[in-house]
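Analysis of the macromolecular model
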Amino acid sequence: MANPLFDALFRPHLDSDRVFLELADGSQWRFREFLICAARFANVFTDAGVKPGDRIAVQIAKSPEALAVYAACVKAGIVFLPLNTAYTADEVDYFVGDATPGVVICDPKNEAALTPVAERHGARLLTLDGSGGGSLPGLAALVSDRFETRDRQSSDLAAFLYTSGTTGRSKGAMLTQENLLSNAQSLVGYWRFTEDDVLLHALPIFHTHGLFVASNVCLLAGAQMIFLPAFDPDAMIAGLPKATTMMGVPTFYTRLLDDPRLTKDLVGHMRLFVSGSAPLLAETHIEFEERTGHRILERYGMTETNMNTSNPYDGERRAGTVGFPLPQVELRIADPDTGAAVAQGEIGGIEVRGPNVFVGYWQMPEKTAEDFREDGFFKTGDLGKVDEDGYVHIVGRSKDLIISGGYNIYPKEIELLLDEQAGVKESAVIGVPHPDFGEGVVGVLVSAGDLDTDAVAESIRSRIARFKQPKALFVVDELPRNTMGKVQKNVLRDRYKDLFAK
Ligand code: MCA
Ligand code: AMP
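Since this is a predicted model, take the numbers as computed values, not measurements.

**Examining the site of ligand 2**
- Not every one of the 16 residues close to ligand 2 is listed here, only the nearest: Arg299, Thr303, Asp382, Lys399 and Asn408.
- Asp382 is positioned with one of its side-chain polar atoms (N or O) 2.6 Å from an oxygen atom of ligand 2.
- Lys399 places a polar side-chain atom, nitrogen or oxygen, 2.7 Å from an oxygen atom of ligand 2.
- Isolated, ligand 2 exposes 500 Å² of accessible area, and the fraction of that covered by the protein chains is 91%.
- Among the secondary structure elements, those contributing two or more residues to the shell around ligand 2 are strand S13 (297-302) and strand S20 (392-397).
- The greatest single-element share of the shell around ligand 2, amounting to five residues, is contributed by S13.
- Within the shell around ligand 2, the residues separate by chemical class into seven nonpolar, four polar and five charged.

Take a look at the structure:
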């Protein structure tokens, strides 16, 4: 009887009194108490009727208890579905309706807005705040601190992570225990994580990067985390001297570089800085090395695939590349239309296959079939090439995607919403260079008569998460189109390219 993910990540620490999490206020959580908290939560979920294979959706602040909800789900065989805390009630309604979780856990401050959502979709609503308060901990105090770990197989689902799509409808990527475990095992080895490590963790835990890369790697290695609720420069500067490693999106690195307190002395003792989720500019790479003496290790992944490639730990970490395919990951560069491999050094679609690759989109068999080749390779939608030394370069995307501060934003979703607004005839949403977020979202509107951009901005405010909302709206007479009638976003991107220049 086994539960491979639980057995690898959590079981070894059940009786461990070593520190697992250190919080910004200096308080600590030991592995043992973390796992007792998870066992109590597992009892609450099971008592609420949630069975192995059922889903639990969470939209909660980052905290040790929030991570314990993930551990509880693994222990009880429940599919964990974390949601961005920035999503509006409208957005959460879609995810809950699509995934039909048995329980939804939200912050108490959103309880009023999400009660009708949970009711509409037949889910029980529990609450958990960022300081360990709420109805879930209240119930957990009343139940046993022992829970018999449920049996699971490697092929059983462990998590759903929603990713938007080119059609505007979000898709639930179904990730198995094997997807998560095989990737964590590769990364622990590749990046040399041990129980002596202390990771400075400031990423959100509702996405692959902060949850499966950072947290799973530390759990598997038995390493400690300095667990910050979000990126805060003062907390980062205070945490770095106590850490051995850090993982972040490029915005973390540009913000640290903007801080004069980032010096060689502050980070001289550290062994590894990892960047991913969005392209790291070569200039950031170089500037960081000049300032700190450390070469950032850049890696490349996706919600659907976990991590695919990484620069080497020992060999040359080459700026502007994402390194080599990880152990067990097969990567090829193919003609996006035909799937035929292109010649070495040529640009094509990046396709991957391996135990890291998800099993499909929840209840979207056609979409799943579209994104996989017959031989099992998954089309990432990223364009790249492999250089003569085997380093993978990402040179662009065939999918219309904006990455802002490490968050993915699909223009189609925003365009559909803008097109609904009074006075808007049509719209195009683009990403242009932004000094802090890498790319900033810009909306270009064609007026249907009487168009007030302030009113449009106000009207979409409660509909989509703030980070997706255009940081600027422009009105034009018409959108540039090619002879096929397709909007030329490259022309628009060029037109507004200096909008956010420093
Ligand atoms: C916040 N805002 C943003 C973003 N974040 N706008 C655009 N893009 C963003 N990413 C807006 C807020 O709505 C607000 O707007 C204003 O900026 C300031 O908000 P605040 O909360 O103070 O922002 P912040 O704390 O400074 O956050 C910026 C951040 C954060 C630290 C870069 O977004 C972050 O932690 N990003 C990491 C995302 C991540 O983990 N991605 C991994 C995905 P206003 O002032 O107008 O109200 S996993 C993935 O991509 C794959 C698998 C991979 O390879 O890892
Ligand atoms: P997500 O859907 O949030 O999982 O984001 C995955 C996408 O982020 C990938 O398909 C890439 O386009 C992008 N991405 C992740 N890591 C990198 C990186 N190191 N460099 C460039 N793009 C990246």
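Here the narrative resumes.
**Observations regarding the site of ligand 1**
- Around ligand 1, 24 residues are found, and the nearest of them are Arg255, Ser277, Arg299, Ser404 and Gly406.
- Here Ser277 contributes a side-chain N or O atom positioned 2.6 Å from an oxygen atom of ligand 1.
- Burial of ligand 1 by the surrounding chains reaches 73%, relative to a free accessible area of 1000 Å².
- Elements with a contribution of two residues or more to the shell around ligand 1: helix H8 (208-221), helix H10 (250-257) and S13.
- Each residue belonging to the shell around ligand 1 can be placed in one class, and the counts come to 10 nonpolar, 10 polar and four charged.

**Overview of the sheet that holds strand S19 (residues 378-386)**
- The antiparallel open sheet is built from four strands, whose spatial order is S16-S17-S19-S20. Unpaired on one side and paired on the other, strand S16 (330-334) and S20 mark the two borders of the sheet. Going across the sheet, the axis of each strand differs from the next one's by a mean of 45 degrees, ignoring polarity.
- The pairing of S19 with S20 spans five bridges and is classified as antiparallel. Counterpart to Asp382 in the pairing with S20 is Arg397.

**Concerning a negative patch on the surface**
- There is a patch of like negative charges on the surface, built from Asp258, Glu283, Glu287 and Glu290.
- Assignment of secondary structure puts Glu290 in helix H12 (residues 282-292).

**Points about the side chain of Ser170**
- Relative to the elements of secondary structure, Ser170 occurs in the loop between strand S7 (157-163) and strand S8 (171-176).
- Ser170 gets classed as buried once you look at its relative accessible area, which sits at 9%.
- With residues up to four places along the chain from it excluded, the contact list for Ser170 reads Tyr94, Phe95, Tyr162, Thr163, Ser164 and Met364.

**Examining the pattern of salt bridges**
- In this structure the tally under the stated criterion is 33 salt bridges.
- A salt bridge links Arg271 to Asp197; the shortest N-O distance between them is 2.8 Å. Pair noted here: Arg271 is in the loop between helix H11 (264-267) and strand S12 (272-275) and Asp197 is in the loop between helix H7 (177-190) and strand S9 (198-201), with a separation of 74 residues, a long-range link.
- The exposure class of Asp197 is buried, given its relative accessible area of 3%.

**Concerning the pairing of S8**
- Most of S8 sits inside the fold, with six of its six residues counted as buried.
- Every second residue of S8 is oriented toward a common face, with Lys171, Ala173 and Leu175 on one face and Gly172, Met174 and Thr176 on the other, all of them buried.
- Looking at chain direction, S7 and S8 are connected through six bridges and run antiparallel. Along S8, the bridge assignment pairs Thr163 with Lys171.
- Pairing between S8 and strand S18 (residues 360-361): two bridges, direction antiparallel. Residue pairing across strands places Met174 opposite Gly360, the latter belonging to S18.

Definitions and cut-offs
- Residues numbered from 1 in each chain as written.
- Chains lettered and ligands numbered in written order.
- Predicted model: local features only at pLDDT ≥ 70, side-chain atom pairs only at ≥ 80, totals over all residues.
- Heavy atoms only, no water.
- Near = heavy atom within 4 Å.
- Polar contact = N/O pair within 3.5 Å; in protein donor to acceptor, adjacent residues only side chain to side chain.
- Areas by Shrake-Rupley, 256 points an atom, 1.4 Å probe, with all protein chains shown as cover.
- Helix = DSSP H or I, 4+ residues; strand = E, 2+ residues; numbered from the N terminus.
- Nonpolar A, V, L, I, M, F, W, Y, C, P; charged D, E, K, R; others polar.
- Pairing = 2+ DSSP bridges.
- Axes fitted to C-alpha atoms, helices over the stretch in contact; angles between N-to-C directions.
- Patch = residues over 30% accessible without salt bridge, like charges linked within 9 Å, V, L, I, M, F, W, Y side chains within 5 Å.
- Salt bridge = Lys/Arg side-chain N within 4 Å of Asp/Glu carboxyl O.
- Lys, Arg positive; Asp, Glu negative; His and termini not counted.
- Charge placed at Lys NZ, Arg CZ, Asp CG, Glu CD.
- Buried < 20%, exposed > 50% of the residue type's maximum accessible area, 1.4 Å probe, protein only.
- Contact = heavy atoms within 4.5 Å.

The values reported here are purely geometric and, on their own, carry no functional implication.
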